[in-house]
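If you want the building blocks of each chain, they are given just below.
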2 protein chains.
Amino acid sequence: MLPVLVVHGGAGHIPKERVEMSCAGVRAATRAGYAVLQGGWSMDAVVEAVTHLENIPSFNAGCGSVLNVKGEVEMDAIVMDGRTLASGAVSAVRNIANPIQLARLVMEKTSHLCLTAEGASQFARAMGVPEVPGESLVTDYARMRWEKNLAPDANPVECQMGKMGTVGAVAVDADGNIACATSTGGMLNKMEGRVGDTACIGCGGYADNRVGAVSPTGHGEAIMKVTLARLILFHMEQGLSSHEGSDLGLATMKERVGGLGGVVTVDPQGRWAARFTSAQMAWAAAQGDTLHYGLYPGEDITQSIGDPN
Amino acid sequence: MLPVLVVHGGAGHIPKERVEMSCAGVRAATRAGYAVLQGGWSMDAVVEAVTHLENIPSFNAGCGSVLNVKGEVEMDAIVMDGRTLASGAVSAVRNIANPIQLARLVMEKTSHLCLTAEGASQFARAMGVPEVPGESLVTDYARMRWEKNLAPDANPVECQMGKMGTVGAVAVDADGNIACATSTGGMLNKMEGRVGDTACIGCGGYADNRVGAVSPTGHGEAIMKVTLARLILFHMEQGLSSHEGSDLGLATMKERVGGLGGVVTVDPQGRWAARFTSAQMAWAAAQGDTLHYGLYPGEDITQSIGDPN
């Protein structure tokens, strides 16, 4: 089994002028996480990759998150440890640069699995996580989209799908330990306090050493209705490959609730998949000496891990 | 297929002096919901039953909820409609008498599936749901337990399991439509903002007309780690009965994460189960002219639906 890390930067339709930025971002995050995976733990690798993406303003997570209807950033994030099924999540959290690291602290430092809103902020303070001004997470691009979606004829769900989503990662390390991490600003112009799939175990992420791991992206409410991450892993438990299980889960979501999205998936043997029903999904995978990446359906470009970018 | 409603009032160890109250409560809630199920929709029936239990101070939902570490009531609730996989949930909501009805409003009046904390309160106000003083939800019993658990040698997880839990219901109506509803004050002395299984689709409830419905109770964090409701329904999709699927799901939860709990489960043919690995679970089921109920393992007492209590 070869250790592997697979990363996504969101499913949807990525505007032409943002394509190169998105692809470069997921490649860089994958390289950063994969460096940690060399002799390291899958949990450290997925948190590293997702932290990297949270810090890039062109992704909808951390700085660069979409804005809620009030023009504010509220974020969801989750991690899961496939060894023990331990998990940590935060929902509707504000003023934090890296929600994925706070989710990990919920897993490691509390007896709970999810903390929300002001309770999550209090926990962050108790853990010494620095509070950042809400404005520092807001990009001009996010504010422009927010204003556009306040127009009376706007369709926020369509616009949400049309741009870029959630970020996430799954990994298997040399010890066979599996982990996932997902982080998001959620849905553009969402109601205050809206919790999407990302904070919800089995929906926005799931990891089990016995089966594999999934990190989804797409229309959060659709992902929740079919508990997409857990659904795909059930298919894999029934004998489907990571590729087949991902496709069947995504097809079920389209058929049952009309939802589009994408996933990155691994199994315990390090076999991985990056699959989507949306127009595009920025993704990258690192295994052995090779970095794979793609954006359009069927695309799988390879380069050496050692390449500069 | 005979329409059926199955209700639980929480898994755990119920103190002797509260046994009769618990059993009478679930029987009354089942009768109230079953009256609605006569010619009515399963969703109306489960919400009626759960509302009834939220209004009884001896259950851990609505008035009578356990208190968080600050001595306050924060509640989670979820409903799901098996026809469309639509769902609504609220997490960490305060000052609401009937969170289950607010969860239903999230499903019916928003494009989201879950609203949390202050955002949920704002939505309640916008919907004209009356705000109630926090103190009106706090019973002397809840305050006594909270104080006891602040003692340095207390073990809140153990104490939580030792008393009473979440309430919930599942139903199939004459049209074959399936629904579930679950409501809870959560875990005794939980951190502020802790979200448990109940607000999380696939964990604290799931309903699908093609497979069945499950409403769980027990240690929330354990239920989340195995996505208990969805897990049991996956087993039923593989051919297990509601009884066998429930037992296998609960056994998996015990084996993988050491968690105890219970569930009420129905399948599309109206075959039902009330199963638990905890010492006790107060439950009742109504089908045809018969009301079944029980508290201890293996117990199934029957009486006529028409009996006065």
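For the structure itself, look to the data block above.
A word on the overall build of chain A. Looking only at helices and strands, chain A features nine helices and 13 strands. For 309 residues, the compact-globule estimate of 2.2 N^0.38 gives 19 Å, and chain A sits close to it at 17 Å. For chain A, the spread of C-alpha atoms along the three principal axes comes to 50 × 40 × 40 Å. By the burial criterion, 67% of the 309 residues in chain A qualify as buried. Surface summary for chain A: the accessible area is close to 9900 Å², and the carbon and sulfur share equals 52%. Separation between the mean location of the 23 positive side-chain charges and that of the 32 negative ones in chain A comes to 3 Å.

Attention now moves to the environment of Val-50 of chain B. Residue and element names in this part refer to chain B. Mapped onto the elements of the fold, Val-50 is located in helix 2 (residues 42-54). For Val-50, a relative accessible area of 0% corresponds to the buried category. Leaving out residues up to four positions away in the same chain, Val-50 has contacts with Ile-100, Val-167, Gly-168, Ala-169, Ala-181 and Ser-183.

One finds Ile-201 and Val-266 of chain A together with Ile-201 and Val-266 of chain B to be the most contacted residues of the largest nonpolar core, which totals 90 residues. Every residue in contact with Val-266 of chain B, bar those within four places of it in the chain, is listed here: Val-4, Val-6, Val-170, Ala-171, Val-172, Ile-178, Val-211, Gly-212, Ala-213, Met-236, Arg-271 and Trp-272 of chain B.

Let us now look at the packing of helix 1 (residues 16-37) of chain B against helix 2 of chain B. Residues and elements named next belong to chain B. Where helix 1 meets helix 2, the closest approach of the two axes is 8 Å, and the angle between their N-to-C directions is 155 degrees. Considering the angle they form, helix 1 stands roughly antiparallel to helix 2. As for the relative orientation of helix 1 and helix 2, their crossing is right-handed in sense. When helix 1 is examined against helix 2, the residues Gly-25, Val-26, Ala-28, Ala-29, Ala-32, Gly-33, Val-36 and Leu-37 are found in contact with a partner set consisting of Ser-42, Asp-44, Ala-45, Glu-48, Ala-49, His-52 and Leu-53. When grouped by side-chain class, the residues that make up the contact of helix 1 with helix 2 number nine nonpolar, four polar and two charged.

To continue, consider the packing of aromatic side chains. With the rule as written, the count across this model stands at three aromatic pairs over all chains. Look at Trp-272 of chain A and Trp-283 of chain A: their rings are 5.6 Å apart centre to centre, the planes differ by 50 degrees, and that puts the pair in the tilted class. Note that Trp-272 of chain A is positioned in strand 10 (residues 272-276) and Trp-283 of chain A in strand 11 (residues 280-287), a separation of 11 residues in sequence. Neither residue differs from the other here; Trp-272 of chain A and Trp-283 of chain A are each classed as buried. Over the aromatic face of Tyr-141 of chain A sits the side chain of Arg-18 of chain A, whose NZ or CZ is 3.6 Å from the ring centroid. Taking the ring centre of Tyr-293 of chain B as reference, the NZ or CZ of Arg-27 of chain B above it sits at 4.5 Å.

With that settled, the discussion passes to the interface of chain A and chain B. Size of an interface, as often reported, equals the accessible area lost when the parts are brought together. Between chain A and chain B, the contact holds 44 residues from the first and 44 residues from the second. Summed over both sides, the interface of chain A with chain B buries roughly 3600 Å², with 62% coming from carbon and sulfur. The interface formed by chain A and chain B includes four salt bridges. Between Asp-208 of chain B and Arg-256 of chain A there is a salt bridge whose closest N-O contact spans 2.9 Å. Mapped by element, the contributors of at least two residues to the side of chain A that touches chain B are strand 3 (86-93), strand 4 (114-116), helix 4 (117-126), strand 7 (206-208), helix 7 (220-225), helix 8 (228-237) and helix 9 (242-257) of chain A. Residues belonging to the side of chain A that touches chain B are distributed by class as follows: 21 nonpolar, 12 polar and 11 charged.

Residues and elements named next belong to chain A. One can describe the packing of helix 3 (residues 99-109) onto helix 4 by two numbers: an axis separation of 11 Å at closest approach and a directional angle of 80 degrees. The pairing of helix 3 with helix 4 is recorded here as roughly perpendicular in orientation. On helix 4, the residues that touch Leu-102, Leu-105, Val-106 and Lys-109 of helix 3 are Ala-120, Phe-123 and Ala-124. Of the residues contributing to the contact of helix 3 with helix 4, the split by class is six nonpolar, no polar and one charged.

Cut-offs and rules
Residues numbered from 1 in each chain as written. Chains lettered and ligands numbered in written order. Predicted model: local features only at pLDDT ≥ 70, side-chain atom pairs only at ≥ 80, totals over all residues. Heavy atoms only, no water. Helix = DSSP H or I, 4+ residues; strand = E, 2+ residues; numbered from the N terminus. Rg over C-alpha atoms; globule rule 2.2 N^0.38 Å. Buried < 20%, exposed > 50% of the residue type's maximum accessible area, 1.4 Å probe, protein only. Areas by Shrake-Rupley, 256 points an atom, 1.4 Å probe, with all protein chains shown as cover. Lys, Arg positive; Asp, Glu negative; His and termini not counted. Charge placed at Lys NZ, Arg CZ, Asp CG, Glu CD. Contact = heavy atoms within 4.5 Å. Core = buried A, V, L, I, M, F, W, Y, C linked by side-chain atoms within 4.5 Å. Axes fitted to C-alpha atoms, helices over the stretch in contact; angles between N-to-C directions. Parallel < 35°, antiparallel > 145°, perpendicular 65-115°, else oblique. Left-handed = near helix turned anticlockwise from the far one by under 90°. Nonpolar A, V, L, I, M, F, W, Y, C, P; charged D, E, K, R; others polar. Phe/Tyr/Trp six-rings, centres within 6.5 Å; stacked < 30°, edge-to-face > 60°. Lys NZ or Arg CZ within 6 Å of the ring centre and 35° of its normal. Buried area = accessible area lost by both parts, 1.4 Å probe. Salt bridge = Lys/Arg side-chain N within 4 Å of Asp/Glu carboxyl O.

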